[in-house]
Amino acid sequence: MKALDRKLLRDLRAMWSQALTIALVVASGIGGFITTLSAVDSLALARDRFYAEGHFADLFAAVKRAPNALADTLRDTPGVAEVQTTIEQIVRIELDGVGDPVVGQLIGVDLRQPARLNRVTLQAGRALDEVRRGDGALPALVSAAFADARGLKPGSSVGALINGKQRRLQIVGIALSPEFIFAGLMGMPDMRGFGVFWVDREALAAAYDMDGAFNRIAVRLAPGAAERPTADAITRQLTRYGGREAHGRDVQTSHAMLDNEIKEQQVLGTVLPSIFLGVAAFLLNVVVSRLVATQREQIAALKALGYTNAAIATHYLKLVLLIVAVGLALGIVLGDRLGTMFTGLYAEFFRFPSFDHRIAPWLVAVSAGLTLATAVGGTLSAIGATVRLAPAEAMRPPAPGHYRRTVLERLGITAMAPALRMVLRNMERRPLRTTLSIGGVAASVAIVVMGNFFRDAIDHIVDSEFNLAMRSDVMVWLAEPVDSAARHELARLPGVTAVDAERSVAVRFVHGHRSERGAIQGFAQPPELRRVIDVDNHEASRLDSDGLVLTDRLANKLGLSVGDTVRVEVLDGRQPTLQLPLTATVRQMMGLNAYMGRSALNRVLGDGDQASQFAIAVERGREPELLQATKGLPRIVGAFSKATMLRNMQEVSARNVRIMSTVLTMFAAVIAIGVVYNNARIALAERTWELASLRVLGFTRAEVSALLLGEMALSIAVALPLGMLLGYGLVHLIAGMLQSDQFMFPVVILPRTYAWAAICVVLAGVGSALVVRRRIDRLDMVAALKTRE
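Predicted model only: the values in this text are computed from it and were never measured.

## So, the overall build of the chain
- On a plain count of helices and strands, the chain comes out with 23 helices and 20 strands.
- Within the chain, the proportion of its 789 residues that are buried is 53%.
- The contacts of the chain with a sequence gap of at least 6 include a subset with a gap of at least 24, amounting to 82%.
- Total accessible area on the chain stands at roughly 34,300 Å², and carbon and sulfur atoms take up 57% of it.
- Computed over 86 positive and 73 negative side-chain charges, the separation of the two mean positions in the chain equals 9 Å.

## Remarks on the packing of helix H2 (residues 16–54) against helix H9 (residues 309–349)
- Interhelical geometry of H2 versus H9 gives an angle of 35° and a closest axis separation of 6 Å. For the pair H2 and H9, the sense of crossing is right-handed.
- For the contact of H2 with H9, the per-class residue count stands at 21 nonpolar, eight polar and one charged.

## Some words on the confidence of the model for the chain
- Of all residues in the chain, 92% have pLDDT values of 70 or greater, and the mean over the chain is 83.
- Within the chain, no element has a lower average pLDDT than helix H12 (residues 407–410), which sits at 61, and none a higher one than strand E2 (residues 80–86), at 93.

## Quick word on the packing of helix H20 (residues 688–696) against helix H21 (residues 701–738)
- Between H20 and H21, the least distance of the axes is 10 Å, while the angle of their chain directions is 150°. Considering their axes alone, H20 and H21 lie roughly antiparallel with respect to each other. The handedness of the crossing between H20 and H21 comes out as right-handed. Listed contacts from H21 to Leu691, Leu694 and Arg695 of H20 are Arg701, Val704, Leu707 and Leu708.
- Here the residues of the contact of H20 with H21 sort into five nonpolar, no polar and two charged.

## Describing the side chain of Thr343
- Relative to the helices and strands, Thr343 is located in helix H9.
- Within the structure, the side chain of Thr343 is placed 2.8 Å from the backbone oxygen of Gly339, a separation counted as a polar contact.

## Things to note about the pairing of strand E13 (residues 496–511)
- For E13, a buried count of twelve out of 16 residues is recorded, marking the element as mostly surrounded by other parts of the structure.
- Bridge count for E13 against strand E19 (residues 610–618) is six bridges, and the pairing is antiparallel. Looking at the pairing, Asp500 lines up with Ala615 of E19.
- Taken together, the nine bridges between E13 and strand E14 (residues 514–523) define a ladder with antiparallel strand orientation. When the bridges of E14 are listed, Phe509 appears paired with Glu516.
- As consecutive antiparallel partners, E13 and E14 are separated by two residues, and within that stretch Gly512 has a phi angle of approximately 65°, a positive value.
- Judged from the four bridges that link them, E13 and strand E16 (residues 565–570) form a sheet pairing that is antiparallel.

## Brief notes about a nonpolar patch on the surface
- A cluster of nonpolar side chains, contributed by Trp16, Leu20, Leu24, Val326 and Leu330, occupies part of the molecular surface with about 450 Å² of accessible area.
- For the nonpolar patch, the secondary structure elements donating two or more residues are H2 and H9.
- Tallying contributions element by element places H2 first for the nonpolar patch, with three residues.
- Within the fold, Val326 resides in helix H9.

Reading guide: rules and limits
- Residues numbered from 1 in each chain as written.
- Predicted model: local features only at pLDDT ≥ 70, side-chain atom pairs only at ≥ 80, totals over all residues.
- Heavy atoms only, no water.
- Helix = DSSP H or I, 4+ residues; strand = E, 2+ residues; numbered from the N terminus.
- Buried < 20%, exposed > 50% of the residue type's maximum accessible area, 1.4 Å probe, protein only.
- Contact = heavy atoms within 4.5 Å.
- Areas by Shrake-Rupley, 256 points an atom, 1.4 Å probe, with all protein chains shown as cover.
- Lys, Arg positive; Asp, Glu negative; His and termini not counted.
- Charge placed at Lys NZ, Arg CZ, Asp CG, Glu CD.
- Axes fitted to C-alpha atoms, helices over the stretch in contact; angles between N-to-C directions.
- Left-handed = near helix turned anticlockwise from the far one by under 90°.
- Nonpolar A, V, L, I, M, F, W, Y, C, P; charged D, E, K, R; others polar.
- pLDDT = per-residue confidence, 0-100.
- Parallel < 35°, antiparallel > 145°, perpendicular 65-115°, else oblique.
- Polar contact = N/O pair within 3.5 Å; in protein donor to acceptor, adjacent residues only side chain to side chain.
- Pairing = 2+ DSSP bridges.
- Patch = residues over 30% accessible without salt bridge, like charges linked within 9 Å, V, L, I, M, F, W, Y side chains within 5 Å.
- Salt bridge = Lys/Arg side-chain N within 4 Å of Asp/Glu carboxyl O.

Shown next, in the form of structure tokens:
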């Protein structure tokens, strides 16, 4: 072994605790990078594989009723490679012993020929074509997520209200489909309240008088075909059959949820590791600079003995690379473990035939590159100092520090304890190190704030959407609009205290060359049970005119300002085209929404006093009684319980947010310990002679410790408010980067989050202080004083 290599091992043994804390910071950065991006990469790989195996369609459209012969015409449309038609219906599902409302989507499967698009993958049980249909229950496959949530297995049965008649569905198999990788009601992660059931198409057609017809269509594009022109051509052919606009995967619920999740995690997997690696670079710079300063005489001796500048620089670079190599190895192991855990969390929401965690080779290569860049970038200046150091200069001890009055003293504030004056002067003497130390601790505060911000944001969303905006307890909707007088029938049901009639109309907004699909929500006036609430929890402008109120994101996408007129192409009923003014915009968290008063909406459509859904307020404790009563009303195709959905959501979201905040808090503690501990150890090494001299002069251990640890405490005290401000800015940055058309995180940080961040960092500082205090107590004064001789 070469002499320099033996020296390297001795140096590492002497500074093992500092090297370990730096390696842990690097491991946190690399671990976070690999965790998020490997989980996302695994998710994207599983999605692409399932899309290919299941022949996932490119375009989708809905019609009221169209003859099967239309499919052949659509196949001749330029850009179309394949067409598949189905019958789909939304029904109410009844589970034995369960009073919660459950919505099911029935999909007719043609048993005479295999599906060409959106193929169903059997996970357990038997396929529909393997089951002989009798006169009793209707054989069905059920989506895996709903089956797991409700404990359904092949052989189980559920009730279904099919076109006003009660039927039993006999579960013969558990299935998956690329069309329902994510299956939730209204885009919500509610696996307990929404299930997909595949049944014999002939039986479903007979139940809804749809023999020889279809109401859903899926299309695969020909290679090189443009999506938008092909979709427009299909839409024109479907219009006469009450067809809605054909759309691509971007607005297909399952694909949109998957795509948004991948984009969000890519943002988090890029921003957070950059903070960790930046702190690691700072720590490496401080530690190596200190090592070079304490080894001036050794460097001079090495140069005098003939070692070249390159050999000495390589020696210190090896030291750094060994430290970060340990961090890289730990980070890969940590990323693999956490990535596997995150993949398991994804598997609860997104269902694939196979979904395994993997770390792609490119991810390891990028991690190694980032680690190398951190090592070189953080220590380049310190290692360069060894090259510039002349042997004769290195033999002399460094010049004494230049002390002067502190800024506070120059401002006239002189009434301070001598210990505090010494601490302030020492911090001012090294302004860059002091600033970076405070910045490192502030970064750890910011990360804790950001990790717990998601909990605050979700609490705000729940309060805004479920308490302020939705003041009803139950929502029911109908297959077709009816006279709003039906609300009087609902008002007579048990437990009902109030009913609001509403209407929802599917439309396409057009302004110039821009267009967006959406729906106009017609609320009661004045709104009692459903209100338009903005992100600041303020009620939006009253819907008392014939104009539209749009969310700001929808208005921006269309290039609209208040007072502009937008063309509205109605996709329901007679499908008229309207010209409506934009009367106001509202900043909301969820969706590209459009609102009008229900009466005004009916008036511009030229319809009577119609409604398609009803918001119902119920006496406390009587909701099950009401839901049971609605089962006797055949026109109601679905019911939604606010309390049930909220409970189902919180079971999952609360746990996931808790996991994320715990992981980020642990990472932040590593940063805080790394910064505080390394700075304290370096200060102890630099001031050992001074501290020993003070002990000889009669200072107690506590007084000597106060001089050193006071600097640490003062740095943390300054870093806490700065870190809270930095956390607020980081949250704004992350929220802005995560914003999409369908969702916007509100920037809400509660006092409890700031308090928790401060507690975590202070505890990390106290832990580091106790370790350093123990070293001070064990200080060998004789050896320390001899060092200067």
